[in-house]
Amino acid sequence: KSLSPAQRARIGLIEAVIAASERRYADAATLFAKVEPRLDKQRRSIALYGGYYARSLANPDKTISLPHPTGDISEVFLRAYAVGFLQDTKAAIKVLAEAERRFGDRAEIPAYRAWLAMFLNDRAQVKEALDRALRLDPREPVALEVRAHYRAGIEGNSDGAISDVQQIIGITP
């Protein structure tokens, strides 16, 4: 059967990811750029940031600017990851905190902010972000995972951690 333009773009995205995984960064950059305009929002963000990484790795002596923010939720985590790599974890947390203001009803954003705060041992921020995430969605798997680690590692509450993990398994087996 013939493929629709959207299906061809998705295959092109897969080809770009494969080229990048094979360290053919220049090819990958070209492929990401080619398919990006024809993809849905989520996949477009993957192509934007995949292209950014591919261009950067193809030209390691050249400074490549991050993609301009699209304002879409699908970009938030990709941008935070890139900023964290380029700057530091605090800068990545700032990206997530800004996204929380734009997408206030999305529990996964403060959940991931809590994860990053755990890396910094910023217990107050971990608790605040966890409380926010679980208030928005008490079944948010990432928030429950962070809380399990917090309970086990910080509070020494193994039973609470096990309870969280069992809840996660029930949500996302």
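Check the entry above for the structure.
Procedures and definitions
- Here the residue index of a chain counts from 1 through its sequence in written order.
- In keeping with the model being predicted, local features are shown solely for residues with a pLDDT of at least 70 and side-chain atom pairs are shown and tallied solely at 80 or more, while totals for entire chains, interfaces and linings include all residues.
- As a rule here, side-chain values cover all heavy atoms of the structure and leave hydrogens and water aside.
- Classification of ring pairs rests on two measures: the distance between centres of Phe, Tyr or Trp rings, Trp counted by its six-membered ring, which must be within 6.5 Å, and the angle between planes, read as stacked under 30 degrees, edge-to-face over 60 and tilted in between.
- A run of H or I in DSSP becomes a helix once it reaches four residues, and a run of E becomes a strand once it reaches two; helices and strands are each numbered from the N terminus.
- Exposed residues in this analysis have more than 50% of their type's maximum accessible area, buried residues have under 20%, and partly exposed residues fall in between, with area computed by a 1.4 Å probe over protein chains only.
- For helices, the fitted axis covers only the stretch in contact; all axes are lines through C-alpha atoms, and the angles between them, taken along N-to-C directions, range from 0 to 180 degrees.
- Throughout this description, any angle smaller than 35 degrees is read as roughly parallel, any larger than 145 degrees as roughly antiparallel, any in the 65 to 115 degree range as roughly perpendicular, and the remainder as oblique.
- Each crossing gets its handedness from the near helix: less than a right angle anticlockwise from the far helix is left-handed, clockwise is right-handed.
- Contacts: residue pairs with any heavy atoms within 4.5 Å of one another.
- Under this grouping Gly is polar, as are all residues other than the nonpolar Ala, Val, Leu, Ile, Met, Phe, Trp, Tyr, Cys and Pro and the charged Asp, Glu, Lys and Arg.

Q: Which residues make up the packing of aromatic side chains, and what values do they have?
A: To describe a pair of aromatic rings, one takes the distance between the centres and the angle between the planes. One pass over the structure, following the stated rule, counts four aromatic pairs. When the centroid spacing of 6.3 Å and the interplanar angle of 70° are considered together, the rings of Tyr 53 and Tyr 81 count as edge-to-face. With Tyr 53 in helix 3 (residues 41–58) and Tyr 81 in helix 4 (residues 73–86), this residue pair connects regions lying 28 residues apart in the sequence. We classify Tyr 53 as partly exposed; its relative accessible area is 24%. Classification of Tyr 81 as exposed rests on a relative accessible area of 57%. Each residue in the set Tyr 52, Tyr 53 and Tyr 81 is aromatic and connected to the rest through ring pairs, giving one cluster.

Q: I'd like a rundown of the packing of helix 4 against helix 5 (residues 89–102), residues and numbers included.
A: For the pair helix 4 and helix 5, the least separation of the axes is 7 Å and the interaxial angle reads 160°. Considering their axes alone, helix 4 and helix 5 lie roughly antiparallel with respect to each other. Here helix 4 and helix 5 pass one another in a crossing that is right-handed. Of the residues in helix 5, those touching helix 4 at Val 76, Phe 77, Arg 79, Ala 80, Val 83 and Gly 84 are Thr 89, Ala 91, Ala 92, Val 95, Leu 96, Ala 99 and Arg 102. For the contact of helix 4 with helix 5, the class distribution of residues is nine nonpolar, two polar and two charged.

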